[in-house]
Each structure stands twice: as structure tokens, then as C-alpha cells.
Amino acid sequence: YNRILFQKDLLPWSFQWTGGFGARLPTGPYRQRDERQLMMPIGMQVGTGAWAFPLFTQVGLRYKDWGLLGELFAQFHTTNEAEYRLGDYVQTALLASYYARFKMSMMMPHTGLRYEMVGADTEYGAINADSGGNRWVWASGIDWYIGNWSAGLRMNVPLLQELGGLQPQWEGQYSLQMIYFF
């Protein structure tokens, strides 16, 4: 569920505050094994077998074609039937953007910092030492809007990370997206 909580336009300024919440169902297998019958890591499982409850809020401030966006997202997990519980997740970000307007389209480059914190997983009440951690990420991208279409390119590059136990270091994330607005 997502809702605009407050919106005010006082040209050339614009302000918007949104928020939302949800529930993720305990669907999909979560004890999958590879061809050697070894248990796959929880992050590679199709599901978790547990409920999760996400909450988020965003605050956007715009002056003419310049924008500043602050976000806060949290997700809380329950324990599944195998007594495994994923660590809770919190993410916050501060991003700056520019709206370049053209005759038939708009381009929006954006950049900023994101901080992510993941609590340690537990199994039968014991903490999994090879889970949890935190990281600072440089987030950057560009979106292009033409009519009802949007295309975007994003990258998230780790600046600093402290991960629990023997977890592999995160190398970053790069994505391409295409969206059609109905």
C-alpha cells in the first residue's frame, strides 16, 4: 500500500511526502539444494517460508528542475517453520536529481548515497555469524521518459562495507529497466 501523505506546490518549489506498508507472504521453497545436495544460501532460495512486513517513506523537495529525495525503508521478518529467521533490513538514502526537459521527452540524472543495514539471521534462536552487516553505497543513474515509456540505467557501487563472518564482499549492482505507464 502506497499513499501520498502530504503534497504542496508553491512555485518554483514543490514538496511531497509519501509512505507505505505491506506484507510479503511465505511463498516459494526455502530449503533448496544444488546438484551435490548442498543447501543453497538463503539469498539464493526462491522463498523464505516466512512473513515479512515492509514499511517505507519518501520525502521529495524540488526547486525548479533540481530535486532532493530522502528515503527510509525497513523490512521486518518472522521465523519460518524450520526455525530460521532472516535479519531485519533498514535502508536510507539521500539522492539529488535534475530534470532536463526536451520537446517530447524528459531526462533525469540522479546520484547520492545509500546506507543499508541487515541484522544477523537466526536459526533455532542462535545467531548465524555469517550473516548481517552494513554498507555505504554510491547510487547513481539516469532515467529517460518519452510518452508513457521510461527507460533507466542504474548503478550501486559499494564505498564501505562491514559484513558478518565469511560473506563475500558485494561488488556492486548494475541494472537496466524499461517501464510502460498505463
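See above for the structure.
Residues numbered from 1 in each chain as written. Predicted model: local features only at pLDDT ≥ 70, side-chain atom pairs only at ≥ 80, totals over all residues. Heavy atoms only, no water.

### Brief notes about the overall build of the protein
Check the secondary structure of the protein and you find zero helices and 13 strands. Listing each helix as α and each strand as β along the protein from the N terminus yields β-β-β-β-β-β-β-β-β-β-β-β-β. Taken over the C-alpha atoms alone, the protein extends approximately 60 × 35 × 30 Å along its principal axes. Burial status across the protein gives 29% buried among its 182 residues. For the protein, long-range pairs separated by at least 24 residues make up 49% of all intrachain contacts whose partners lie at least 6 apart in sequence. Treating the 14 positive side-chain charges of the protein as one cloud and the 15 negative ones as another, the clouds have centres 12 Å apart. (Helix = DSSP H or I, 4+ residues; strand = E, 2+ residues; numbered from the N terminus. Buried < 20%, exposed > 50% of the residue type's maximum accessible area, 1.4 Å probe, protein only. Contact = heavy atoms within 4.5 Å. Lys, Arg positive; Asp, Glu negative; His and termini not counted. Charge placed at Lys NZ, Arg CZ, Asp CG, Glu CD.)

### Section: the pattern of salt bridges
For the coordinates displayed, the defined rule picks out six salt bridges. E71 is paired through a salt bridge with R114; the nearest N and O atoms lie 3.5 Å apart. Separated by 43 residues along the polypeptide, E71 in strand β4 (residues 66–77) and R114 in strand β8 (residues 105–118) bring together distant segments of the chain. Pair check on accessibility: E71 and R114 agree, each one buried. Note that E116 and R135 form a salt bridge whose closest N and O atoms lie 2.7 Å from each other. Here E116 is found in strand β8, whereas its partner R135 is found in strand β11 (residues 133–146), with 19 residues between them in sequence. (Salt bridge = Lys/Arg side-chain N within 4 Å of Asp/Glu carboxyl O.)

### Quick word on the pairing of strand β2 (residues 13–21)
For strand β1 (residues 2–10) and β2, the ladder comprises eight bridges, and the chain directions are antiparallel. By the bridge assignment, Q7 is partnered in β2 with Q16. As paired strands, β2 and strand β3 (residues 52–63) are joined by nine bridges and run antiparallel to one another. Bridge pairing links W17 to V59 in β3. (Pairing = 2+ DSSP bridges.)

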